[in-house]
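One letter stands for each residue in the lines below.
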Amino acid sequence: MAGADLKTASLSLQSVSRHFGPIRAVDGIDLDIGQDEFFSLLGPSGSGKTTLLRIIAGLERPSAGRVRVAGQDVTELPPYKRRIGMVFQNFLLFPHKTVAENIVFPLRMQNVARAARDERLRWAMKLLRLEGLAARYPNELSGGQQQRVSLARGLIARPAMLLLDEPLANLDRELRAEMEVEIRRYQKELNIPFVYVTHNQEEALTMSDRIAVMRGGVFEQVGPRDDVYRRPKTEFVATFVGQSNRLSGFVETVKNGAVAFAWQGHTLHVPHQGDIAAGDKAQFLIKYEDIEVAGAAGKGRSDHRSGNSLEGRLRDIIFKGQTANYIVSLANGAELIASASSRDHKVGIGEAVSLRWPETSGMCFRS
Amino acid sequence: MTSVGDRAEAWRRRAMSLLLWLLYIFLYAPILYVIYASFSVDIVWPFPPSFTTDAYAELFDNALYADALANSLLIGLGSGAVSTLLATAGVIGVLRYPSRHRGLILIAFLAPLFVAELLIGISSLAFNARLLGLPGNLFSAIAANAVEGTAFAFLIILAQLVRYDWQMDDAAMVFGAAPVRCFWEVTLPTIWPSLLGAFLISFILAFNNLEISFYNLGAIPTLPSVAWGSLRFGLGPELFALAALTNGLVFVLFAVMYVLMRTGIVRFGYRGG
């Protein structure tokens, strides 16, 4: 019942730009978001992701380009005519209104009759587990409750889409993890697109169907979250998403799309992205968890002929809870980090170890 | 060692509190004396104390003072309303729509504060009467007083509204509030205490004003002009009563505001954290 009349809703941006003088905050963005998508705009601060979100909401006018919501061109429409829901970083609940008044605010603005308003209010309070808080004022709520009220207000008017601007940035870690799961659940239940802005790659990876990694007003990569994580298109994406080791070296040969990468006297066989040729300086980035640590005892069966292997000594283990980071010092002085389950301590600190990964792991970029 | 330090500290504290009391006396002795004298039988040398309300009876018997009070109230209310309206619009404009010329705009709004009231009075008389051919009346007095009132109100509202989060208005607009509705539903309910404060100050300024009103009113009496005029006959007891009452009115206004703020009925911005 929640989203029955919203089947056609989706978002389409056509070469949208926003320039502030010489600064190109958003520079020629094209994007289509489907009806049932959880889409994240991920980027560091100043990358233009919030400006882009404000353009979608109508709070910012694009310098060029068109914005379509549910098939309708809304570029010229002011925010109050767009029927979009939004959740803000600092909640922005109206301080002089109670929880119930805050939540029904969008319906009142649309002059919805009181009976219908009350029914929607009950629905929203139940969905967001806010029962019993209707008469409270925002300053009498915890951060998590305020965020739920903010979500309820964003969703109550059956918006064509929900925009979320770093909604979890002000919550503590535990609450954030809980809300991540919940927000994704609401999106799947309501079946309207959510556009989620964040600088936190974990949030984006946890919740999204697709992610756009943004930098300098343009998309570095747009794709399903697995792609963005496993097959980064640019060095920036590889650095920004996940935790990676970075090896600087040069390309020895390129054969059938595979690169022989020279690094400190070792030759590694790695995949690559973009134009690259023998002799190019290059960066190889590989995620911590893509490297396997094995005790030197396993050295004998070095039948990993198709993979890469480096020898070193385990310097330390950083305990992270579910996982642990194994810091390995190589003979050449470099340190690589491998991440694995924290349960199976196959090797002890100070022991000789070997690091291994298949030729398909990591990504090499020309620098 | 420490006892010497403690003694020095104690002396410092005593000196400070003495200074504070001297300051209070400097500020309030004349006002308190007028109130005390207004209830005295002999207002010229009201010692030893003997009390009467004759001065007040004399004040209320004089019809001129009633007229003057009505006019002063009208000027105060009118000028307070105009000043608050203009200043609010000005502050919202300055804060909401950043401009390269913000500094100039601020100076333009605040400059009347630095012009002598006398000169504001003379120039508005010259402008209204000579150039526009308008007769001197309450309206031109209200307008002239609002020049200074707007500057004061602007300062007061600006100081408060820099704390207002305009994103609140963004939120209201995203949720369907057109600009006017947004102002009534979200902005005004949050900022009205500072508007009230600005209104009270500009009301009192215009209510108490002599010079600006005098030039724009001609023969129409206001409380300050009647008091000024009656000085020719010496310090009458009714002037003591008038001074005491006017001070009392101002005091009550601010006492009410203070109580409202202390009890949390009026609170600016976010409730709590």
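Residues numbered from 1 in each chain as written. Chains lettered and ligands numbered in written order. Predicted model: local features only at pLDDT ≥ 70, side-chain atom pairs only at ≥ 80, totals over all residues. Heavy atoms only, no water.

Asks: So what's going on with the packing of helix α3 (residues 63-96) of chain B against helix α4 (residues 102-110) of chain B? Residues and values would help.
Replies: All names here are of chain B. At a minimum axis separation of 11 Å, α3 and α4 run at an interaxial angle of 170°. Accordingly, the angle class assigned to the pair α3 and α4 is roughly antiparallel. At the point where α3 passes α4, the crossing takes the left-handed sense. From α3, L86, G90, V94 and L95 reach across to α4, where they touch R102, I105, L106 and F109. The class makeup of the residues in the contact of α3 with α4 is six nonpolar, one polar and one charged. (Axes fitted to C-alpha atoms, helices over the stretch in contact; angles between N-to-C directions. Helix = DSSP H or I, 4+ residues; strand = E, 2+ residues; numbered from the N terminus. Parallel < 35°, antiparallel > 145°, perpendicular 65-115°, else oblique. Left-handed = near helix turned anticlockwise from the far one by under 90°. Contact = heavy atoms within 4.5 Å. Nonpolar A, V, L, I, M, F, W, Y, C, P; charged D, E, K, R; others polar.)

Asks: Now, about the sheet that holds strand β7 (residues 162-165) of chain A: what can you tell me, with residues and values included?
Replies: Within a sheet, adjacent strands bond to each other through the backbone by hydrogen bonds, running parallel or antiparallel. Residues and elements named next belong to chain A. One open sheet holds the six strands; their spatial order is β6-β7-β8-β3-β9-β10, and the pairing between them is mixed. Taken across any chain shown, the strands that pair with only one partner, and hence form the sheet edges, are β6 (85-87) and β10 (218-224). When the angles between neighbouring strand axes are averaged without regard to direction, this sheet yields 15°. By the bridge criterion, three bridges tie β6 to β7 in an arrangement that is parallel. Bridge assignment links M86 to a residue of β7, and that residue is L163. Contacts from helix α4 (residues 143-155) reach β6, β7 and β8 (194-198), with the element oriented near 165° to β6. (Pairing = 2+ DSSP bridges.)

Asks: Help me get a handle on the interface of chain A and chain B, residues and values and all.
Replies: The partner chain B presents 22 residues to the 25 residues of chain A that form the contact. Taken over both partners, the interface formed by chain A and chain B buries close to 2,200 Å², and the fraction arising from carbon and sulfur atoms is 63%. When residues of chain A are sorted by the area they lose upon contact with chain B, Y80, P95 and M109 of chain A head the list and together hold 28% of the total. Its salt-bridge partner being K97 of chain A, residue E185 of chain B comes within 2.9 Å of it at the nearest N-O pair. Scanning the region where chain A abuts chain B turns up five residue pairs in polar contact (both at pLDDT 80 or more). Counting only elements with at least two residues in the side of chain A that touches chain B, the list comes to α1 (49-57), β6, α2 (99-109) and α4 of chain A. For the side of chain A that touches chain B, the residue count by class is 15 nonpolar, six polar and four charged. (Buried area = accessible area lost by both parts, 1.4 Å probe. Salt bridge = Lys/Arg side-chain N within 4 Å of Asp/Glu carboxyl O. Polar contact = N/O pair within 3.5 Å; in protein donor to acceptor, adjacent residues only side chain to side chain.)

Asks: So what about the pairing of β10 of chain A? Which residues, and what values?
Replies: All names here are of chain A. Inspection of the sheet shows strand β9 (residues 210-215) paired to β10 by six bridges, in the antiparallel sense. From the neighbouring strand, I211 faces β10, where its bridge partner is G223. Hairpin connection, β9 to β10: the antiparallel pair is bridged by two residues, and G216 has positive phi, about 55°.

Asks: Any details on the domain arrangement of chain A? Residues and values, ideally.
Replies: Residue and element names in this part refer to chain A. Partitioning chain A into structural domains gives domain 1 (4-235) and domain 2 (243-366). The centre of domain 1, based on its C-alpha atoms, is set 39 Å off from the matching centre of domain 2. Every contact between the two is made by seven residues of domain 1 and, on the other side, nine residues of domain 2. Interface area lost by domain 1 to domain 2 is led by Y229, P232 and E235, which between them contribute 64%. On the surface where domain 1 and domain 2 come into contact, there are three salt bridges. Two residues, R246 and E235, come together in a salt bridge whose shortest N-O distance is 2.4 Å. Inspection of the region where domain 1 meets domain 2 yields four residue pairs in polar contact (both at pLDDT 80 or more). For the side of domain 1 that touches domain 2, the class distribution of residues is two nonpolar, one polar and four charged. (Domains from an automatic or database assignment.)

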